[in-house]
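Fold and geometry: a report
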Amino acid sequence: MSGQNTKPANPNAGKKMSPEARSRMRATEKAIYRYYNDMGRNKGNCTWGVGILAHKGVCSKEELGLKVSAKMVDQEFERRVAEAERYVRLSIKIEVNQEQFDALVSLTYNAGIGGMEGTYSYINKGDFEGAAANISKMIKVTVVEKGKTKRVIAPGLIKRRDEESAPFRTKKRDAATK
């Protein structure tokens, strides 16, 4: 025996988002073929396509007039999913199952790379309940109204975060296996 560890340096190196999860996420991210404000008129962030952030803050009048093609939306969706997959593979140091990997890719796609450190930290410590609780709290977005910035609950994120946190709820998972 050489005593060498034969485990790959990255236990999730070969993982990709499953086709089923990718389809579910694409269905959740409704395609809008123009720029829009994600929290309604003059609220939220300037977004286009399938929840693709153009920039923080509301769209300008000019941006609101911009249209995008289905091809542009499809290409950017695929690029951003691949980016989220890559970031999850690089950041998660312990092995996760496919359902957990899919949830992390969806969350990273939606919340952005910058908002993931807390959740990734819980997972890397093996604290799946902590990760689930952290994911469930990620339901607020920053909006600017009448020149003032505030955090508000985005109703659409409540169901999404419940679905993304479910694979990390160990009590629920343990009950399902008994």
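Since the structure is predicted, the reported quantities are computational estimates derived from the model, not experimental observations.

**What to know about the nonpolar core**
Judged by nonpolar contacts, the single largest core of 32 residues is most densely connected at Tyr109, Ile123 and Phe168. For this core, the elements supplying multiple residues, two or more each, are α1 (19-28), β2 (46-49), α3 (70-91), α4 (98-111), α5 (117-124) and α6 (128-137). The element that contributes the greatest number of residues to this core is α4, accounting for 6 residues. Judged by nonpolar contacts, the second largest core, of 5 residues, contains Ile139, Val141, Val143 and Leu157.

**A short note on the pattern of salt bridges**
Counted under the stated rule, the structure contains 11 salt bridges. Among the salt bridges present, the one from arginine 22 reaches glutamate 78, with a minimum N-O distance of 2.5 Å. You can see arginine 22 sitting in helix α1 and its partner glutamate 78 sitting in helix α3, a full 56 residues away along the chain. Since its relative accessible area comes to 19%, arginine 22 is described here as buried. What makes glutamate 78 partly exposed here is its relative accessible area of 39%. For glutamate 83, the salt bridge identified is with arginine 79, shortest N-O distance 3.5 Å. Linking glutamate 83 with arginine 79, this pair stays in helix α3, spanning 4 residues, or about one helical turn. By relative accessible area, arginine 79 is classed as partly exposed at 42%. What you see here is one network of salt bridges that share partners, running through Lys16, Arg22, Glu78 and Glu85.

**Focus on the state of the cysteines**
By definition, a disulfide is the covalent link that joins the sulfur atoms of two cysteine residues. Counted by the stated rule, this structure contains 1 disulfide. Paired through a disulfide, cysteine 46 and cysteine 59 show a sulfur-sulfur distance of 2.2 Å. Between cysteine 46 and cysteine 59 the sulfur-sulfur dihedral comes to about 100°; the bridge is accordingly right-handed. Linking cysteine 46 in strand β2 with cysteine 59 in the loop between β3 (52-55) and α2 (61-64), this pair joins segments that are 13 residues apart in sequence. For the pair cysteine 46 and cysteine 59, a shared accessibility class is recorded, and that class is buried.

**Focus on the side chain of serine 18**
Mapping serine 18 onto the fold places it in the segment before α1. Residue serine 18 is classed as buried on the basis of its relative accessible area, which comes to 11%. A distance of 3.1 Å separates a polar side-chain atom of serine 18 from the backbone nitrogen of alanine 21. In contact with serine 18, not counting residues within four places along its chain, are Gln98 and Asp102.

**Re the sheet that holds β2**
Spatially, β1-β2-β3 is the arrangement adopted by the 3 strands of the open sheet, whose pairing is antiparallel. This sheet does not close on itself; its edge strands, each paired only once, are β1 (32-37) and β3. This sheet shows a mean twist of 25° between the axes of neighbouring strands, independent of strand direction. Both β2 and β3 contribute to a ladder of 3 bridges, which runs antiparallel. Across the sheet, residue threonine 47 finds its bridge partner in β3, namely leucine 53.

Scoring rules and cut-offs
- Residues numbered from 1 in each chain as written.
- Predicted model: local features only at pLDDT ≥ 70, side-chain atom pairs only at ≥ 80, totals over all residues.
- Heavy atoms only, no water.
- Core = buried A, V, L, I, M, F, W, Y, C linked by side-chain atoms within 4.5 Å.
- Buried < 20%, exposed > 50% of the residue type's maximum accessible area, 1.4 Å probe, protein only.
- Helix = DSSP H or I, 4+ residues; strand = E, 2+ residues; numbered from the N terminus.
- Salt bridge = Lys/Arg side-chain N within 4 Å of Asp/Glu carboxyl O.
- Disulfide = S-S within 2.5 Å.
- Polar contact = N/O pair within 3.5 Å; in protein donor to acceptor, adjacent residues only side chain to side chain.
- Contact = heavy atoms within 4.5 Å.
- Pairing = 2+ DSSP bridges.
- Axes fitted to C-alpha atoms, helices over the stretch in contact; angles between N-to-C directions.

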